[in-house]
Amino acid sequence: MTTTDKTAHSAIARQSPSALFLFLDAVRCWGQARRRQQPTLTALYARLGHYGCGQMLPAIDSLLDLTVALLGRPLRLGRGTALSDDENRLINMLQGRRTAPFDHACSDAVLCTFCCALRSVQLLMDMELGQPSRRKAA
């Protein structure tokens, strides 16, 4: 997936390293919950709900489920400061950066749904973390 529309990104994701850290933490929390066969949304809320971003978490959960469907395999997670290729690509897409296309193993309908889910996360990130009262988390 590539984008040429300069508005198809999250302003908060481009401006706030803390927001990206929050997203990366969500990705890794989600992946760990999946591996342990725990409810992903419950794990996300327990880990990140106190940051005031609870409304974003279902969208992130859906985006990551769709990413797995798109790839046809589990997400590869990095450790510490080392990002996996999957994490790096998701962050680049969240920021609206051009990336190499995903090699996808899914239908065009799933790919379209993935694009909509990505845009939903971008919009929610801007709405939730872009509010002055919530900037402390991002």
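See the structure above.
What you see is a predicted model, and the numbers here were worked out from it, not measured in a lab.

Glancing now at the overall build of the protein chain. Per the secondary structure count, the protein chain includes 6 helices and 0 strands. Counting from the amino terminus, helix and strand elements in the protein chain follow one another as α-α-α-α-α-α. Within the protein chain, buried positions represent 46% of all 138 residues. In the protein chain, the share of contacts with a sequence separation of at least 24, taken over all contacts with a separation of at least 6, comes to 69%. For the protein chain, the accessible area works out to roughly 7,500 Å², and carbon and sulfur atoms hold 53% of it.

What follows covers helix H6 (residues 108-129). Here H6 spans 31 Å end to end across 22 residues, near enough to the 32 Å set by a 1.5 Å rise per residue. Those residues of H6 that sit buried are Phe114, Ala117, Leu118, Val121, Gln122, Leu124, Met125, Glu128 and Leu129. Looking at the buried positions of H6, the neighbouring elements they touch are helix H1 (11-15), helix H2 (17-35), helix H4 (57-71) and helix H5 (85-94).

All chains considered together, the criterion is met by 4 salt bridges. The shortest N-O distance in the salt bridge between Glu87 and Arg28 comes to 2.7 Å. Highlighted residues: Glu87 in helix H5 and Arg28 in helix H2, separated in sequence by 59 residues. In terms of burial, Glu87 and Arg28 fall into one category: buried. The partner of Asp86 in a salt bridge is Arg73, with the nearest N and O atoms 2.7 Å apart. Here the residue Asp86 occupies a position in helix H5, and Arg73 occupies one in the loop between H4 and H5, the gap between them amounting to 13 residues. Asp86 gets classed as buried once you look at its relative accessible area, which sits at 6%. By relative accessible area, Arg73 is classed as partly exposed at 23%.

About the thresholds
- Numbers given to residues run from 1 along each chain, matching the order in which its sequence is written.
- Totals for whole chains, interfaces and linings use all residues, but because this is a predicted model, local features are given only for residues with pLDDT of at least 70 and pairs of side-chain atoms are given and counted only at 80 or more.
- The side-chain numbers reported here are obtained from all heavy atoms of the structure, hydrogens and water having been left aside.
- Labels follow the DSSP assignment, with helices taken as runs of H or I lasting at least four residues and strands as runs of E lasting at least two, numbered in each case from the N terminus.
- Relative accessibility thresholds used throughout: buried, under 20% of the residue-type maximum; exposed, over 50%; partly exposed, between the two (1.4 Å probe, protein chains only).
- For this analysis, residues touch if any pair of their heavy atoms sits within 4.5 Å.
- Each accessible area is a Shrake-Rupley result for a 1.4 Å probe, and residues are judged covered by the shown protein chains and nothing else.
- Expected span of a helix: the number of residues minus one, times 1.5 Å.
- The term salt bridge refers to a pairing of a side-chain nitrogen on Lys or Arg with a carboxyl oxygen on Asp or Glu at a separation within 4 Å.

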